[in-house]
Amino acid sequence: MQNYDVVIIGAGSGGASAAMYAAKNGLRVALIEEDKWGGTTIHCGSIHARMLQKHAKIVYEVKKASEWGFEISVFDLDYERLRNRMQSTAIAQTNKLYTMLQEVGVTCIQGTATIDEQLIVHVESEGFQATNLIIATGSQPLIPEILGLESVDYLTTNTIYELEELPKKLTIIGGGLTAVETAFSLAPLGTEVTIIEKNEDILIDEDPEIRYQLKKQLAQLDVMMQVNQQITEVTPEHIMIEDLLISHDQVFIACGRQARTEIADFLALKKQQEGTIFVNEFFQTSQPKIYAIGQVCNSRQFSKTAYSNGIVAVNHILQKPAKETNDVLVRSLNTIPDVASFGLTEEQAIQAYGDNVTSIKLPIHYAVDGLIEDYTKCILKLIVHKEFDEIIGAMAIGEYALQVIEQIAMIVRLEGSLEEALAYIDVELGNYMQQRKIV
Ligand SMILES: Cc1cc2nc3c(=O)[nH]c(=O)nc-3n(C[C@H](O)[C@H](O)[C@H](O)COP(=O)(O)OP(=O)(O)OC[C@H]3O[C@@H](n4cnc5c(N)ncnc54)[C@H](O)[C@@H]3O)c2cc1C
């Protein structure tokens, strides 16, 4: 039996960074991974999504070049090269991660971890005794029950980037972020995409402005959006919705992901309503020596969240100040145009604070850039708590959306006032000649 200060199960964004941080702080750490080192982010998440999106953006930019007087006609995408690039980036990142873990002294163990009643972790015949256990087992694709689905070789968020060739006709079941990002990546590369959503609209949790702009752009890319639809049956060739038959050569299930709670279930750890593991502010579960971090305890799908959860948990084990100090998490979408946001949407803010909420909408022209290109580079919307005079949410859509939102988020993190943020926007983002629309 081997003894460790911390045994961590799962080497994704959460587990790997917690392991590295714990080892750098002098703890004896074992990290167990049953599949690929680096988890979702490196093998089927943001790296692949961004790389595919980069190719789509090249097509988009080249098409736009005709507005500047270039006559260019393309395209013959060598998908094999794109795929090789995705795979070699993932392999390089995995190798780098594995080397870094070993350099800081983490014991890396390949295999599926199970646990017994004495809290001994097992990988095949080996046993590991842990003073503290961190569960970082992430999530897996949620597969809905649909008649005929078992007869279809469908893609999921784990396998979409393993495609050997670009599908000619792809039907996406689900109309959330992953579905929309995938449509934005594949449609410009020549795939005919149909999205089927059971709610009354796609991107139902997004700000209406974002939804409107992205839907407009998807329609321009000839992406079909079937909303408010119940699928009656799926076959290898078709999907049936009410009286419509939609043909496909690939089906992609993008209905969200669910926490992998096998270990938590065995230990009968308390869970939250949504199925994730219940944790306190230090990421302790209902058993204080067992922590849970990342997507297994958090439905927010961010690698940054998993990373920062791990640091808080390890700091708590180290008896260092531990709480997450800031909740201004910036997220960005791989879409055309770019979208970025943080905090509450207007709808969420009104639900939480009622009449105390107002929003300010303003175009960002980036001064000279805006004049040269003669269009608004970006729309920024700030959600403001009137009584506290605080920005409680922000979203931007258009060129540089992420940079704009990062800058506003930094002001909020530093507890800057609304006036300071607006002054910054006026001067630094070249918006001094624009009218603000208070909604
Ligand atoms: C398509 C897609 C795009 C995304 N894009 C973004 C993005 O742009 N930005 C962003 O911030 N986030 C993005 N995310 C979300 C991000 O990838 C996750 O939030 C993050 O990976 C969660 O990290 P984690 O450590 O909790 O889990 P994971 O990275 O999933 O790691 C969990 C690990 O645990 C292992 N494991 C599970 N059970 C066991 C066991 N019993 N024994 C041993 N090992 C086990 C698994 O094999 C896995 O490697 C995306 C996700 C997807 C699917």
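Remember, predicted model here, so these are calculated numbers, not experimental data.

**Observations concerning the site of the ligand**
Next, step 1: Inspection of the region around the ligand gives 32 residues, with Gly14, Glu33, Thr40, Gln295 and Ser303 positioned closest.
Next, step 2: Contact between the ligand and Phe302: an oxygen atom at 3.2 Å from a main-chain N or O atom of the residue.
Next, step 3: In isolation the ligand exposes 1,000 Å². Once the protein is present, 92% of that is buried.
Next, step 4: Looking at the shell around the ligand, the elements with two or more residues in it are helix 1 (13-24), strand 2 (29-33), helix 2 (39-44), helix 3 (46-64) and helix 8 (303-317).
Next, step 5: Looking at the shell around the ligand residue by residue, the classes come out as eight nonpolar, 17 polar and seven charged.

**Notes on the pattern of salt bridges**
Next, step 1: Enumeration over the complete set of coordinates arrives at 12 salt bridges.
Next, step 2: When the shortest N-O distance is used, the salt bridge between Arg260 and Glu34 registers 2.8 Å. Of this pair, Arg260 sits in the loop between strand 15 (257-259) and helix 7 (262-266) while Glu34 sits in the loop between strand 2 and helix 2, and the two are 226 residues apart along the sequence.
Next, step 3: The residue Asp207 makes a salt bridge to Lys381 at a minimum N-O spacing of 3.1 Å. Here Lys381 lies in strand 20 (residues 378-385) and Asp207 lies in the loop between strand 9 (192-196) and helix 6 (208-220), a separation of 174 residues in the sequence.

**Considerations on the packing of helix 3 against helix 4 (residues 79-103)**
Next, step 1: Running from amino to carboxyl end, helix 3 crosses helix 4 at an angle of 150 degrees, the nearest separation of the two axes being 10 Å. Viewed along their axes, helix 3 and helix 4 adopt a mutual orientation that is roughly antiparallel. Crossing of helix 3 over helix 4 shows right-handed handedness. Within the contact between the two elements, helix 3 uses Ile47, His48, Met51, Leu52 and His55 and helix 4 uses Leu82, Arg85, Met86, Thr89, Ala90 and Gln93.
Next, step 2: Each residue belonging to the contact of helix 3 with helix 4 can be placed in one class, and the counts come to six nonpolar, four polar and one charged.

**Digging into the packing of helix 1 against helix 8**
The packing of two helices is summarised by the inter-axis angle and the distance between the axes.
Next, step 1: Two elements in contact, helix 1 and helix 8, have axes separated by 8 Å at closest approach and are oriented at 35 degrees. Note that helix 1 runs across helix 8; the crossing there is right-handed. Listed contacts from helix 8 to Ser13, Gly14, Ser17, Ala18, Tyr21 and Ala22 of helix 1 are Ser303, Ala306, Tyr307, Gly310, Ile311, Val314 and Asn315.
Next, step 2: Residue composition of the contact of helix 1 with helix 8, by class: seven nonpolar, six polar and no charged.

**Remarks on the packing of aromatic side chains**
Next, step 1: Applying the stated criterion across every chain, the model contains two aromatic pairs.
Next, step 2: Judged by centre distance (6.3 Å) and plane angle (45 degrees), the ring pair of Tyr4 and Phe128 falls under tilted. Of this pair, Tyr4 sits in strand 1 (residues 2-9) while Phe128 sits in strand 6 (residues 126-135), and the two are 124 residues apart along the sequence. Here the two residues Tyr4 and Phe128 agree in accessibility, since each one is buried.
Next, step 3: With centroids separated by 5.2 Å and ring planes inclined at 80 degrees, the aromatic side chains of Trp37 and Tyr98 adopt a geometry described as edge-to-face. Highlighted residues: Trp37 in the loop between strand 2 and helix 2 and Tyr98 in helix 4, separated in sequence by 61 residues.

**Looking at helix 8**
Next, step 1: Between the first and last C-alpha of helix 8 there are 21 Å, a value that for 15 residues agrees with the 21 Å anticipated at 1.5 Å per step.
Next, step 2: For helix 8, the complete set of buried residues consists of Thr305, Ala306, Asn309, Gly310, Ile311, Val312, Ala313, Val314, Asn315 and Ile317.
Next, step 3: In this fold, the buried residues of helix 8 make contact with strand 1, helix 1, strand 6 and strand 16 (290-292).
Next, step 4: Directly after helix 8, the chain includes Gln319, whose backbone phi takes a positive value near 60 degrees.

The rules we used
Residues numbered from 1 in each chain as written. Predicted model: local features only at pLDDT ≥ 70, side-chain atom pairs only at ≥ 80, totals over all residues. Heavy atoms only, no water. Near = heavy atom within 4 Å. Polar contact = N/O pair within 3.5 Å; in protein donor to acceptor, adjacent residues only side chain to side chain. Areas by Shrake-Rupley, 256 points an atom, 1.4 Å probe, with all protein chains shown as cover. Helix = DSSP H or I, 4+ residues; strand = E, 2+ residues; numbered from the N terminus. Nonpolar A, V, L, I, M, F, W, Y, C, P; charged D, E, K, R; others polar. Salt bridge = Lys/Arg side-chain N within 4 Å of Asp/Glu carboxyl O. Axes fitted to C-alpha atoms, helices over the stretch in contact; angles between N-to-C directions. Parallel < 35°, antiparallel > 145°, perpendicular 65-115°, else oblique. Left-handed = near helix turned anticlockwise from the far one by under 90°. Contact = heavy atoms within 4.5 Å. Phe/Tyr/Trp six-rings, centres within 6.5 Å; stacked < 30°, edge-to-face > 60°. Buried < 20%, exposed > 50% of the residue type's maximum accessible area, 1.4 Å probe, protein only. Expected span 1.5 Å × (residues − 1).

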